[in-house]
Every structure is written in structure tokens, then in C-alpha cells.
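Below, each chain spelled out in residue letters.
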Amino acid sequence: MAMTDAMLDKKRPFKGHKARHFLFETDADGRVATITLNRPERKNPLTFESYEELGDLFRSLHRASDVRAIVLAGAGDNFCSGGDVFEIIEPLTKMAMPELLAFTRMTGDLVRQIRACPQPIIAAVDGICAGAGAILAMSADYRVATPEAKTAFLFTRVGLAGADMGACGILPRIIGQGRAAELLFTGRSMSAAEGHAWGFYNALHERPVMLAEAQRFARNLADGPWFAHSMTKKMLDQEWSMGIEELIESEAQAQAICMATGDFRRAFEAFAAKAKPVFEGN
């Protein structure tokens, strides 16, 4: 019991958390958090500071005692225009290699923390979703968009490789090698309709309801067996580098762990009683 209490003491509520370089809000009980990139006058670009703070936030959310699902959105009618031209791109042109590598490792670490974050992440995309913004959407577990969404991995447009923040590894797994190669070589915009048809976007919703639909989906996940959801996310991420024997064994272990939880028993008892299960994440 002492060990259990000690581990629980490491958890803390994130409801009321204040972010400096974007908005962080939760619903009434803290189960669904919405992170909003909040520079709408510039189409919500990222800065050195927001990159770092986002990475730190996702890294720390594994200690959340309340947050069970996360929505990532942009203020106004755009998601994210990528790295700020004057606050990031221009300074990068003046840096030496050690500084450049520190920057690219920091941006890559943001993707790593999004993937490692145990909560499912839903990207709610409207308007411009470009460069690092497209990477943020790509890194999420589930993506919804408006018909107006325009998604572009436009690194080639500024003389850079499409190999940015994991794009060459992750994007082909979502939309296929050929389609990913086209987007990464050309930097052209993928329309919302293309993104939906190709499987990049799970659903399209009209602009007035899109964010609410993303939050509704997040709430459904948050009210479900969220420990099991975190296991699903871990396996989806971890099994990319496994052979068939390894991944089947990993899933056998993961599912046995879930079968030992109270949520598994509660689901059976609710089914037997013809009631809806109430999950507690243990």
C-alpha cells in the first residue's frame, strides 16, 4: 500500500494549468484538455519558446491524475502555419551546425513526446496546416478537419528536405509511401477531401462544429477504459519496429496486463447486469 500511495503521489491534476505560449484548458472535471495555438493574427506559428513548452507539457502529462484525452487546435480559422518566419526561420539562417542540430533535435523531441504521451491526442484542423503544423497533425493519434483545411509539408519550398521531425517515417505509415513521397517532394497542399480519402483525416466536419466534434470524440475516449487506451497507443507506437513474433508477444503481455485491471472486471459485471460500465482506469 505504501508503494501504491507513493506512486499516486507522483500524479497531479492539470486542471487549472496555465501555459505561457498557448492556451491550455480542460472541461469541468479535467478529463479532456484542449491545447490551442493562440496567435491567430499570424495563423498560429510556432516559436522557439512554444516548441519547448509544448515538448515539456507533453512530457509531463504522463503524471496527470485527471487528463485522459487531449485535443490540439488552433485559434481562429487556422491550425498552424509552421515555424514563425521571422522568429525561427530567419535566426536559423545565421546559426552554425551545433546550434542547428540542437534545434532540429528539440523539434524532433516534440514529436517524440506527443507519441510517448499516454493520452490519446486528437488534432482538430482548420484552414492552414503547414510545415511544423502539418507535423503536429501527423503526430496525433486521430485527426479531424474542416473542408477548408489545407495541409502542406512544405519544407522543400524553403530548400529543406522532407525529412523533418519524423515525416519520412510516420507519414508513409498513414497515407502510403507514394502519396507521402509526392507531398514531401512537392510541398503542395493536400486538400481536406484528399486527406480524408487517403486516411490522413478520420473525419471532416463543418467549421462551426468541428472543434466540438473533436472534443466530443475525446470525451468518449476519456470516459472509456483510459488505461487500456494508453496501452493501445503504446502498442501502436512501439510495434513499428517489431517483427511479427515480437509484436504478437508484446500484445499478449499488454492484453494480460489489461485483463488484470478492475476495468476489465467492471465491464464484465456491467454486461452481466445489462448496465453501462463505469471505468476507473485501474
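The structure contained in this document is the topic of the report that follows. (Residues numbered from 1 in each chain as written. Predicted model: local features only at pLDDT ≥ 70, side-chain atom pairs only at ≥ 80, totals over all residues. Heavy atoms only, no water.)

Structural notes on the pattern of salt bridges
- Taken as a whole and judged by the stated rule, the model has 23 salt bridges.
- With its nearest N and O atoms 2.7 Å apart, the salt bridge here joins R207 to D126. You can see R207 sitting in helix α9 (residues 207–222) and its partner D126 sitting in the loop between β4 (121–125) and β5 (128–130), a full 81 residues away along the chain.
- R207 gets classed as partly exposed once you look at its relative accessible area, which sits at 32%.
- Residue D126 is classed as buried on the basis of its relative accessible area, which comes to 6%.
- Ionic contacts of the salt-bridge type, sharing partners, join the residues D27, D29, R31, R219 and D223 into one network. (Salt bridge = Lys/Arg side-chain N within 4 Å of Asp/Glu carboxyl O. Helix = DSSP H or I, 4+ residues; strand = E, 2+ residues; numbered from the N terminus. Buried < 20%, exposed > 50% of the residue type's maximum accessible area, 1.4 Å probe, protein only.)

Examining the packing of aromatic side chains
- Under the defined criterion, the tally for this structure stands at six aromatic pairs.
- An angle of 90 degrees between the planes, with centres 6.3 Å apart, marks the rings of F153 and F200 as edge-to-face. Linking F153 in the loop between β7 (150–152) and α6 (167–175) with F200 in the loop between α8 (192–198) and β9 (203–204), this pair joins segments that are 47 residues apart in sequence. Each member of the pair, F153 as well as F200, is classed as buried.
- Here F200 and Y201 contribute two aromatic rings whose centre-to-centre distance is 5.0 Å and whose plane-to-plane angle is 90 degrees, an arrangement assigned as edge-to-face.
- The rings of F48, Y51 and F103 are connected pair by pair, giving a single aromatic cluster.
- The positively charged end of R68 is found above the aromatic ring belonging to W226, 3.3 Å away from the centroid. (Phe/Tyr/Trp six-rings, centres within 6.5 Å; stacked < 30°, edge-to-face > 60°. Lys NZ or Arg CZ within 6 Å of the ring centre and 35° of its normal.)

Some points on the pairing of strand β2 (residues 32–37)
- Across the six residues of β2, six count as buried, placing the element largely inside the fold.
- Along β2, one buried face is formed by V32, T34 and T36 and the opposite face, lined by A33, I35 and L37, is buried too.
- As paired strands, strand β1 (residues 23–26) and β2 are joined by four bridges and run antiparallel to one another. From the neighbouring strand, L23 faces β2, where its bridge partner is T36.
- Considered for its hand, the β-α-β crossover made up of β2, helix α2 (residues 48–60) and strand β3 (residues 69–74) is right-handed. (Pairing = 2+ DSSP bridges. Right-handed = clockwise from strand over helix to strand, strands pointing away.)

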